[in-house]
Amino acid sequence: MDRAAVTIPLQTGIKVIDALIPVGRGQRELILGDRQTGKTAIAIDTILNQRDQNLLCVYCAIGQRASAVAKTVATLREAGAMDYTVVVVTEGNDPPGLTFIAPYAATSIAEHFMAQGRAVLIVYDDLTQHARAYRELSLLLRRPPGREAFPAISFTFTRGCSKGQRTCARSSEAGRSRRPIVETEAQNLSAYIPTNLISITDGQIYLSPALFELGVLPAVDVGKSVSRVGGKAQRAAFRAVAGDLKLAYAQFEELETFARFGAKLDQDTRKTIEHGRRIRACLQQPENAPVSVPAQIAILLAVTTKLFDTVALGQMANAELAVQKAASTSRLTCGRNWKAPKS
């Protein structure tokens, strides 16, 4: 009875997510992709962007390498994020029982603070290691490990991940958001486990190894990523400047694929492709460098009005910095009645 609708945005500081795949507080957004595609970086950037946002973060490292966990904690500490972050860690050499119980312990910590009226973001990094620990325990206890050995993700952990009364927005200030991270194999989204997890979450952010190899970072595949709730919680300013951005980006990707065959392109098609390349360049950003809301809106406004179309691709980074500097010296109104200018 104390559940509420998801209406408050959860800004990640990542332009491609805040503009095209918006996420709200109280939402369950799955992060999935192959190995070494930047899944953890998405979660860490989201935590770094919660400074002074009255949001408590719980980062649960499940069966990670000690060096990777130390690097992550050092990044959080250097940015001052440990002031509002709780880290639950089980390393790769820990007993499987500890690895299995780690996400449940992190969930209990998050529920404790949520019961006190705090808004909480919890990240599980990653549930693939949790399922492997469950398989090991099952084999040691002479129990059936389950189909594809992943009952911990698809069934057991579903109790805490799929029930709306446990992952929800309680009020304007209280609630818990989840970011489960899962590893896919050979970009297979239609496998047994990814489809189960996609069905019990409110959307997914898919990281493509093909984009990662091309140097498009973060390697978010906009066509395969979706947010089923966050659009209602997105700021009006974002909707105004990025309403048609996803469609324009999808058209560009289709035309770019067609142009690879060496077909002759007319002038309008070439302009669409060049504009799409500027969109892709604007949506890229380095790791551990979240962008503020006014700066994001200024950059998106510039790219949607095609102000960057005359800028060389090699100078896009400098052009974005110039726009951000101009946005920081001017006052941007981000209210619900804000509308993008026509020119």
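Just above sits the structure.
Residues numbered from 1 in each chain as written. Predicted model: local features only at pLDDT ≥ 70, side-chain atom pairs only at ≥ 80, totals over all residues. Heavy atoms only, no water.

Counted by the stated rule, this structure contains six salt bridges. With its nearest N and O atoms 2.9 Å apart, the salt bridge here joins E274 to R277. Here the residue E274 and the residue R277 both occupy positions in helix α12 (residues 267-283), the gap between them amounting to three residues, near one helical turn. Residue R277 is classed as partly exposed on the basis of its relative accessible area, which comes to 33%. Salt bridges sharing common partners tie together E274, R277 and R278. (Salt bridge = Lys/Arg side-chain N within 4 Å of Asp/Glu carboxyl O. Helix = DSSP H or I, 4+ residues; strand = E, 2+ residues; numbered from the N terminus. Buried < 20%, exposed > 50% of the residue type's maximum accessible area, 1.4 Å probe, protein only.)

Before going further, it helps to spend a moment on the packing of aromatic side chains. One pass over the structure, following the stated rule, counts three aromatic pairs. Aromatic pair F100 and Y134: ring centres 5.7 Å apart, planes at 40°, arrangement tilted. Linking F100 in helix α4 (residues 96-115) with Y134 in helix α5 (residues 127-140), this pair joins segments that are 34 residues apart in sequence. Put simply, the rings of F100, Y104 and Y134 touch in pairs and so form one group of aromatic residues. (Phe/Tyr/Trp six-rings, centres within 6.5 Å; stacked < 30°, edge-to-face > 60°.)

Okay, the sheet that holds strand β6 (residues 203-207) next. With respect to topology, seven strands assemble into an open sheet ordered β3-β2-β4-β5-β1-β6-β7, the strand pairing being mixed. Each edge of the open sheet is held by one strand with a lone partner, namely β3 (85-91) and β7 (226-227). Of the strand pairs in this sheet, strand β2 (residues 55-64) and strand β4 (residues 119-125) are connected by seven bridges, and their pairing is parallel. Across the sheet, residue C60 finds its bridge partner in β4, namely Y124. (Pairing = 2+ DSSP bridges.)

Another point: the pairing of β2. Taken across its ten residues, β2 has ten buried, putting it largely inside the fold. Across seven bridges, the pairing between β2 and β3 is parallel. Its bridge partner lying in β3, C57 is registered against T85. Remark: the β2/helix α3 (residues 66-78)/β3 crossover connection has right-handed handedness. (Right-handed = clockwise from strand over helix to strand, strands pointing away.)

It is the contact of helix α2 (residues 39-48) with α3, at a shortest axis distance of 10 Å, that shows an interaxial angle of 25°. For the element pair α2 / α3, the angle class is roughly parallel. Taken as a pair, α2 and α3 cross one another with a handedness that is right-handed. Note on element contacts: α3 touches α2 through T72, T75 and L76, opposite I44, I47 and L48. Classifying every residue of the contact of α2 with α3 gives four nonpolar, two polar and no charged. (Axes fitted to C-alpha atoms, helices over the stretch in contact; angles between N-to-C directions. Parallel < 35°, antiparallel > 145°, perpendicular 65-115°, else oblique. Left-handed = near helix turned anticlockwise from the far one by under 90°. Contact = heavy atoms within 4.5 Å. Nonpolar A, V, L, I, M, F, W, Y, C, P; charged D, E, K, R; others polar.)

It is worth spelling out α3 at this point. In an α-helix, one turn spans 3.6 residues; hence positions three or four apart end up facing the same way. Its 13 residues give α3 an end-to-end C-alpha distance of 18 Å, which sits within 8% of 18 Å, the value for a rise of 1.5 Å per residue. All buried positions along α3 are accounted for by V69, T72, V73, T75 and L76. Down the axis of α3, the sector holding all buried residues measures 155°, keeping them to one side. Facing away from the buried side of α3 by over 90 degrees, the exposed positions are K71, R77 and E78. At the C-terminal side of α3, G80 shows a positive phi close to 75°. (Expected span 1.5 Å × (residues − 1). Arc of directions from axis to C-beta.)

A separate point is the environment of I297. Positionally, I297 belongs in helix α13 (residues 293-304). Counting along the chain gives 27 residues from I297 to Q324, while the straight-line C-alpha distance between them is 9.4 Å.

It is worth spelling out the nonpolar core at this point. Soluble, globular proteins show a tendency: their nonpolar side chains are buried together. Formed by 56 residues in total, the largest nonpolar core has its most connected members in V16, L20, I47, L300 and F308. For this core, the element with the highest residue contribution is α13, accounting for seven residues. In this structure V16 touches I21, P218, V220, V222 and L283, once residues within four positions along its chain are discounted. C60, I62, I122 and L197 belong to the second-largest nonpolar core, a separate cluster that totals 21 residues. (Core = buried A, V, L, I, M, F, W, Y, C linked by side-chain atoms within 4.5 Å.)

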